[in-house]
Amino acid sequence: MMKKILIYCVSALSLASCSLLDPGDVENPNVSEEDFLKSPNAMKTWVNGANRNFAIAIGRYSELMEILSDNYYNTYTAGSKVFDSPTLLYTDSDVTAMQRYVGSIREDAVYGLEVVASADAETTNAQKFNLLYLKGYSYLLAGEYFVALPSESGGEVVPWREHLSLAISAFEEALRLAESVDDKALANTLIARAYYRLGDKANAVKYSDAALSSSGDFVCMVKFDGENGLFSGIQEFLSGTYGTAYQPLPRLDFLDPKYFKKTSLDARPICIAKAEEPYLIKAEAAISDGNVAGAKAILLALLNLVGRRPVEAEVNDQVDGDFSGGSKVYPEGSDYRVAASPDDTLRSGLVLDRKAPNLISVPYISGTSVTPEMISAASTPDDLLELVYLMRQEIFIAEGRRVADLGIRLPLCDVEAANVKNGSEYITAQIPPFIPLGGGMDDFTIDEAAHTVVIAHDMNKIIVQNKTSCYVAPFCE
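Source: prediction; values computed, not measured. (Residues numbered from 1 in each chain as written. Predicted model: local features only at pLDDT ≥ 70, side-chain atom pairs only at ≥ 80, totals over all residues. Heavy atoms only, no water.)

Novice: Would you mind showing me how to read the overall build of the chain here?
Specialist: Looking only at helices and strands, one finds 15 helices and 13 strands in the chain. Dimensions of the chain, computed from C-alpha atoms along their principal axes, come out at roughly 70 × 50 × 45 Å. For the chain, buried positions account for 59% of its 477 residues. Within the chain, residue pairs in contact and separated by at least 24 positions form 76% of the contacts whose partners lie at least 6 positions apart. In the form shown here, the chain has an accessible surface area of approximately 18300 Å², with 49% of it arising from carbon and sulfur atoms. Mean positive and mean negative side-chain charge positions of the chain (41 and 65 charges, respectively) differ by 3 Å. (Helix = DSSP H or I, 4+ residues; strand = E, 2+ residues; numbered from the N terminus. Buried < 20%, exposed > 50% of the residue type's maximum accessible area, 1.4 Å probe, protein only. Contact = heavy atoms within 4.5 Å. Areas by Shrake-Rupley, 256 points an atom, 1.4 Å probe, with all protein chains shown as cover. Lys, Arg positive; Asp, Glu negative; His and termini not counted. Charge placed at Lys NZ, Arg CZ, Asp CG, Glu CD.)

Encoded structure:
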């Protein structure tokens, strides 16, 4: 029987600087595979649908991975409550959903490259590039977030390192088709990111240099479509349907909400790659080589880039009553000072005034609290490495990236485990022994009289303290 193809024509989505794709009017979106492959603009339509699925998946990953980390706490019952603990069971429906997104992205790309491209003579290298980096990104997600997953439909489960190797192969193939400087920077950055996670310092630096040589300030973002009611999962928890259900760790307050709404149709994009990452990789590599002066120079150049990134002014993030609106009281004014741990000094400027009539300004690509003075004052490699991980935390906030830096990995879901012969080997999540449990990563004490906040655990310091473990700081193992 001829299978059916669902044509995604409700919402046109794109990535990076590409124009929104319009597949045209389709009266009956359920068509046979044969009819679809013979239709005009088959590849254009397929790429549009693949991008749409990818955007939904990235929004969902950002939503769940942020509360799994120390970046955000879920103050309401909407969304997962157990990820905050973190509790990661292979029977959890959210774990299953995360795995299915990986498979969906991969299979969309594979079908487009192997079937649609052969049927549509108008297929362009740009479309193939698009599908190839989606394919690579599916392996990247598997390699960064899971202990193991199947690498193909119906295939055996393979460990995360193999997925990162497959990601590199797909991104290298995409790089050969890259036409613009931004496309080259994107492919090189994603290759560097995969090599970074594998701990391959030489290649991570090589491709980071290539990315920055192509473009020193590129950004690639997944776009959503407010006019057709398609918002990212995380935007709905930061400033959408669920209001302020996710609250940032107080030291990150000045960066929230990255996905604001100025109008009801404001659907903010999510970065999947940007020039900041190669700088961070190069700085960490220099530190691991003992080149403190070189690392400082790289970080100062990175600060210059972050300082040029746009900031959205006059964002209305006003709330009534307690700022948290949920089970915790959060600081509400800029006069609050925050310490990263009980052993750290109190810092000003990390909390914004949000009560009416105050409007706030928020960086929506990258922001950081790190200053040139802090970089210059770092006297040891470990001090500097801690700043690198603080900058990674701040620059990638709300993008779902922090979990990988913490060394946390999702298990294989129960459905998959029951259908492959080696599945039982991978049904336990990887939660490093130094991760505070019971919601400890989100804990802090607030003194409302003194207007101070002391965070229970400085996870950047903890990462550095455990840098030689197999879980974190891949260049230091």
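Novice: When you look at the packing of helix α6 (residues 181-198) against helix α7 (residues 201-214) in this model, what are you seeing that I'm missing?
Specialist: Describing two packed helices takes the angle between their axes plus the distance from one axis to the other. Packing of α6 against α7 leaves a shortest axis separation of 8 Å and a crossing angle of 165°. Taken together, α6 and α7 sit at an angle that is classed as roughly antiparallel. The handedness of the crossing between α6 and α7 is left-handed. Mapping the contact onto sequence places V181, K184, A185, N188, T189, I191, A192, Y195 and Y196 in α6 and N203, A204, Y207, S208, A210, A211 and S214 in α7. (Axes fitted to C-alpha atoms, helices over the stretch in contact; angles between N-to-C directions. Parallel < 35°, antiparallel > 145°, perpendicular 65-115°, else oblique. Left-handed = near helix turned anticlockwise from the far one by under 90°.)

Novice: What am I meant to see in the sheet that holds strand β13 (residues 452-455) here?
Specialist: Sheet strands pair by backbone hydrogen bonding; their relative direction is either parallel or antiparallel. Taking strand neighbours across the sheet as the criterion, the three strands line up as β10-β13-β12 in an open arrangement whose pairing is mixed. Edge strands, defined here as strands with exactly one partner in the open sheet, are β10 (337-339) and β12 (444-447). Direction aside, the axes of adjacent strands within the sheet are offset by 15° on average. As paired elements, β12 and β13 share four bridges and run antiparallel to each other. Residue pairing across strands places D447 opposite T452, the latter belonging to β13. (Pairing = 2+ DSSP bridges.)

Novice: Looking at this structure, how should I read the packing of α7 against helix α9 (residues 276-288)?
Specialist: Contact pair α7 / α9: the axes reach a minimum separation of 9 Å and the direction vectors enclose 140°. Seen from above, α7 lies across α9 with left-handed handedness. Side by side, α7 and α9 meet where K201, A204, V205, S208, D209, A211 and L212 of the first sit next to P278, Y279, I281, K282, A285 and S288 of the second. Of the residues assigned to the contact of α7 with α9, the class counts are eight nonpolar, two polar and three charged. (Nonpolar A, V, L, I, M, F, W, Y, C, P; charged D, E, K, R; others polar.)

Novice: What is the right way to look at the packing of aromatic side chains in this model?
Specialist: Centre distance and the angle of the planes are the two values used to describe a pair of aromatic rings. This structure, assessed with the given rule, holds 12 aromatic pairs. Ring geometry for Y196 and F475: centres 5.2 Å apart, planes at 85°, overall edge-to-face. Residue Y196 is located in helix α6, and its partner F475 is located in the segment after α15 (459-465); the two are separated by 279 residues in the primary sequence. In terms of burial, Y196 and F475 fall into one category: buried. One aromatic cluster in this structure is built from F36, W46 and Y111. It is K328 that lies over the ring of Y73; its NZ or CZ is 4.2 Å from the centre. A cation over a ring is seen here: R409 above W160, with NZ or CZ 3.8 Å from the ring centre. (Phe/Tyr/Trp six-rings, centres within 6.5 Å; stacked < 30°, edge-to-face > 60°. Lys NZ or Arg CZ within 6 Å of the ring centre and 35° of its normal.)

Novice: Just checking my understanding: could you explain the pattern of salt bridges for this structure?
Specialist: Proximity of charged atoms lets side chains of opposite charge pair with each other. Scanning all chains against the criterion turns up 24 salt bridges. Residue D405 pairs with R197 through a salt bridge whose shortest N-O separation is 3.0 Å. Placement of D405 in helix α13 (residues 402-406) and of R197 in helix α6 is noted, with a sequence separation of 208 residues between them. Of the two residues, D405 and R197, neither departs from the other in class, the shared state being buried. One network of salt bridges, in which partners are shared, links R60, E63 and D94. (Salt bridge = Lys/Arg side-chain N within 4 Å of Asp/Glu carboxyl O.)

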